[in-house]
Amino acid sequence: MASANKDHWSSNTYQASASFVPKLATKVVQYLDAKPSDKILDIGCGDGVLTLDLASSCSSIVGLDFSASMIQTAKDEAAKKNITNATFGIADCSRLPEDGKSFVQPGSYDKVFSNAAMHWILRNPETRDGVFRGAYDALKPGGVFVFECGGAGNVAETVTAFIASLVHVAGLSVDAARELIPWYFASEAWASARLEKAGFKVEKIELEYRPTKLVEGQGIEGWLRLFGAGILDSIDESKRDGVINHAVGLLSGTVTREDGSEYIGYVRLRGIARKPQ
Ligand SMILES: C[S@@+](CC[C@H](N)C(=O)[O-])C[C@H]1O[C@@H](n2cnc3c(N)ncnc32)[C@H](O)[C@@H]1O
């Protein structure tokens, strides 16, 4: 697996190559349906763009993220905009019950929210059940966990190109290359079963194919370098540019449309799961 404990995120690079991520969260934000009395926990909040938007519709919101760079940007933005009901902390949410302890008092949130982060947080098979249990424990009875993340088949072309490139350029075996992929893209059936195992009643689970336009000027190379930073960090420095160039070459015909714009095949998994009263 890509080196799990290192911060591979830079909020500047995220905003340059993936500013579409929080902008495309309309549906999951509708599902969250934040109310003025809600106390919300946002797991994998990143640079806090969505968290700070949500702050205006709820009583208070706590954003947790693994990345110190993302959390610093979120705190700076909150201060700049004078938003006082949003607080942020660094926590590995794959170990939510242990790592989130100082931010997550059991039974204290009306809603737990997560956008575009659960496929990272669920990468390690050993901590997956704990993530759902952590969300469940954080909620008041009757509270809901509302999330969107990459689902089964997400960005399949880029995953395949990364693996091919790691094999051909960096000399890894297919299995070793696959092991470096830092995401877990769950199916609806898998997610439902795990949510129910944690005690939730699943109210909605859906998978949507949503081809997504990449940021002009950054394109597929910017996307691969941003989201594949952990993969690149795991291989010899001298091979990194070669791996990226090879993957870009493999993908260029597949992702490019007639007008030169680039799209990749995002598949979103969305869920609403309630903790019984
Ligand atoms: C694509 S960003 C999404 C950020 C934000 N929710 C949004 O919608 O813009 C994914 C975020 O997940 C965070 N992340 C990945 N693994 C994590 C973990 N184990 N614990 C907490 N955050 C994690 C990353 O640091 C990153 O900020």
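Refer to the structure presented above.
Residue indices begin from 1 for each chain and proceed along its sequence in written order. In view of the model being predicted, local features appear only for residues whose pLDDT reaches at least 70, and side-chain atom pairs are presented and counted only at 80 or more, with totals across whole chains, interfaces and linings using the full set of residues. The basis for every side-chain value is the complete set of non-hydrogen atoms in the structure, without hydrogens or water.

Novice: Any chance you could explain the site of the ligand here in plain terms?
Specialist: Consider each residue's heavy atoms; a residue with any of them within 4 Å of a molecule or strand counts as near. As a structural note, the neighbourhood of the ligand is formed by 21 residues, with Y14, G44, D65, C93 and N115 the closest of them. N or O atoms within 3.5 Å of each other form a polar contact, as long as, within protein, one can give a hydrogen and the other can take it, and as long as residues adjacent in sequence are counted only when both atoms are side-chain atoms. A distance of 2.8 Å separates a nitrogen atom of the ligand from a polar backbone atom of G44. Protein chains shield 96% of the accessible area of the ligand, which is 600 Å² for the free molecule. Runs of H or I in DSSP of at least four residues are treated as helices and runs of E of at least two as strands, each being numbered from the N terminus. Counting residues per element, the ones that place at least two in the shell around the ligand are α2 (20–23) and α7 (118–121). Class assignment of the residues belonging to the shell around the ligand gives a composition of 14 nonpolar, five polar and two charged. Exposure was quantified through the Shrake-Rupley algorithm and a 1.4 Å probe, taking into account, for residues, occlusion by the shown protein chains and nothing else. Charged means Asp, Glu, Lys or Arg here, nonpolar means Ala, Val, Leu, Ile, Met, Phe, Trp, Tyr, Cys or Pro, and polar covers whatever is left, Gly included.

Novice: How do you make sense of the side chain of R123 when you look at a structure like this?
Specialist: Mapped onto the fold, R123 is located in the loop between α7 and α8 (128–138). Burial classes follow relative accessibility: with a 1.4 Å probe on protein chains only, a residue under 20% of its type's maximum area counts as buried, one over 50% as exposed, and anything between as partly exposed. In this structure R123 comes out as buried when scored by relative accessible area, which is 12%.

Novice: Looking at this model, I keep getting lost on the pattern of salt bridges. Mind explaining?
Specialist: Side chains that differ in sign of charge can pair as their charged atoms come close. The salt bridge criterion pairs a side-chain nitrogen of Lys or Arg with a carboxyl oxygen of Asp or Glu, the two atoms within 4 Å. In this structure the tally under the stated criterion is 20 salt bridges. Between E216 and K213 there is a salt bridge whose closest N-O contact spans 3.8 Å. Judged by its relative accessible area of 68%, E216 falls in the exposed class. A salt bridge links R225 to D241, with the shortest nitrogen-to-oxygen separation between them at 3.0 Å. Taken as a pair, R225 in helix α12 (residues 219–227) and D241 in helix α14 (residues 237–255) lie far apart in primary sequence, 16 residues in all. Exposure remark for R225: the relative accessible area of 31% places this residue in the partly exposed category. The structure contains a network of salt bridges with shared partners spanning K27, E148, E206, E208, R210, R268 and R270.

Novice: Looking at this structure, how should I read the pairing of strand β2 (residues 60–65)?
Specialist: Taken residue by residue, a regular strand's side chains alternate between the two faces of the sheet. For β2, the tally of buried residues reaches five of six residues, placing the bulk of the element in the interior. By the bridge criterion, five bridges tie strand β1 (residues 39–43) to β2 in an arrangement that is parallel. Within β2, the position partnered with I40 by the bridge is I61. Between the parallel pair β1 and β2, the chain is carried across by helix α4 (residues 49–55), and the sense of this crossover is right-handed. Criterion used throughout: strands pair if DSSP finds at least two bridges between them. Note: β2 against strand β3 (residues 86–90), five bridges, orientation parallel. Paired with D65 across the bridge in β3 is I90. The definition of a right-handed crossover adopted here requires that, viewed with the strands pointing away, the path from the first strand over the helix to the second runs clockwise. Each parallel crossover has a hand, and for β2 linked through helix α5 (residues 68–80) to β3 it is right-handed.

Novice: Help me out: how do you make sense of the packing of helix α9 (residues 156–168) against α14 in this one?
Specialist: Each pair of packed helices gets described by two things: the angle between the helix axes and the distance between those axes. The N-to-C vectors of α9 and α14 enclose an angle of 140°; their axes lie 8 Å apart at closest approach. Comparing their axes, α14 and α9 come out oblique. When you trace α9 past α14, the crossing you get is right-handed. Here E157, T158, A161, F162, A164, S165, L166 and H168 of α9 lie close against α14, whose contacting residues are G242, V243, I244, H246, A247, L250, L251 and V255. Its residues placed into classes, the contact of α9 with α14 shows 10 nonpolar, five polar and one charged. In this description, a line fitted to the C-alpha atoms serves as the axis of each element, helices being fitted only across the stretch in contact, and the angle between N-to-C directions of two axes falls anywhere from 0 to 180 degrees. Convention used here: angles under 35 degrees read as roughly parallel, angles over 145 as roughly antiparallel, angles from 65 to 115 as roughly perpendicular, and any remaining angle as oblique. In a left-handed crossing the near helix is turned counterclockwise from the far helix by less than a right angle, and in a right-handed crossing that turn is clockwise. Any two residues having at least one pair of non-hydrogen atoms within 4.5 Å are treated as being in contact.

Novice: Can you walk me through the packing of aromatic side chains in this structure?
Specialist: Given two aromatic rings, one states the distance between the centres and the angle between the planes to describe the pair. Centres within 6.5 Å are what make two rings of Phe, Tyr or Trp a pair, Trp counting through its six-membered ring; a difference in plane orientation under 30 degrees is then read as stacked, over 60 as edge-to-face, and the rest as tilted. Enumeration over the complete set of coordinates arrives at 10 aromatic pairs. Ring geometry for Y136 against F200: centres 5.1 Å apart, planes inclined by 85°, an arrangement best described as edge-to-face. Here Y136 is found in helix α8, whereas its partner F200 is found in the loop between α11 (188–198) and β6 (201–213), with 64 residues between them in sequence. By relative accessible area, which is 18% here, Y136 ends up buried. An aromatic cluster is built from W120, W183, F185, W223 and F227, whose rings are joined through pairwise contacts. Over the ring of Y184 we find R128, and its NZ or CZ is 3.6 Å from the ring centre. Either the NZ atom of lysine or the CZ atom of arginine qualifies as a charge over a ring when it sits within 6 Å of the ring centre and within 35 degrees of the ring normal. The ring of Y136 is capped by K275, whose NZ or CZ atom sits 4.7 Å from the centre of that ring.

Novice: I tried to follow α12 on my own but got confused; where do I start?
Specialist: Taking burial as the measure, the nine residues of α12 include seven buried ones, the bulk of the element. Within α12, the full set of buried residues consists of G219, I220, G222, W223, L224, L226 and F227.

Novice: What am I meant to see in the sheet that holds β2 here?
Specialist: Paired through their backbone hydrogen bonds, the strands of a sheet run either parallel or antiparallel. As summarised here, the arrangement of the seven strands in space is β3-β2-β1-β4-β5-β7-β6, forming an open sheet in which the pairing is mixed. Because the sheet does not close on itself, it has two edges, and the strands there are β3 and β6. Strand-to-strand twist across the sheet, computed as the mean angle between neighbouring axes with direction ignored, equals 15°. Lying on the sheet, α11 is in contact with β5 (139–150), β6 and β7 (263–274); it crosses β6 at an angle near 145°.

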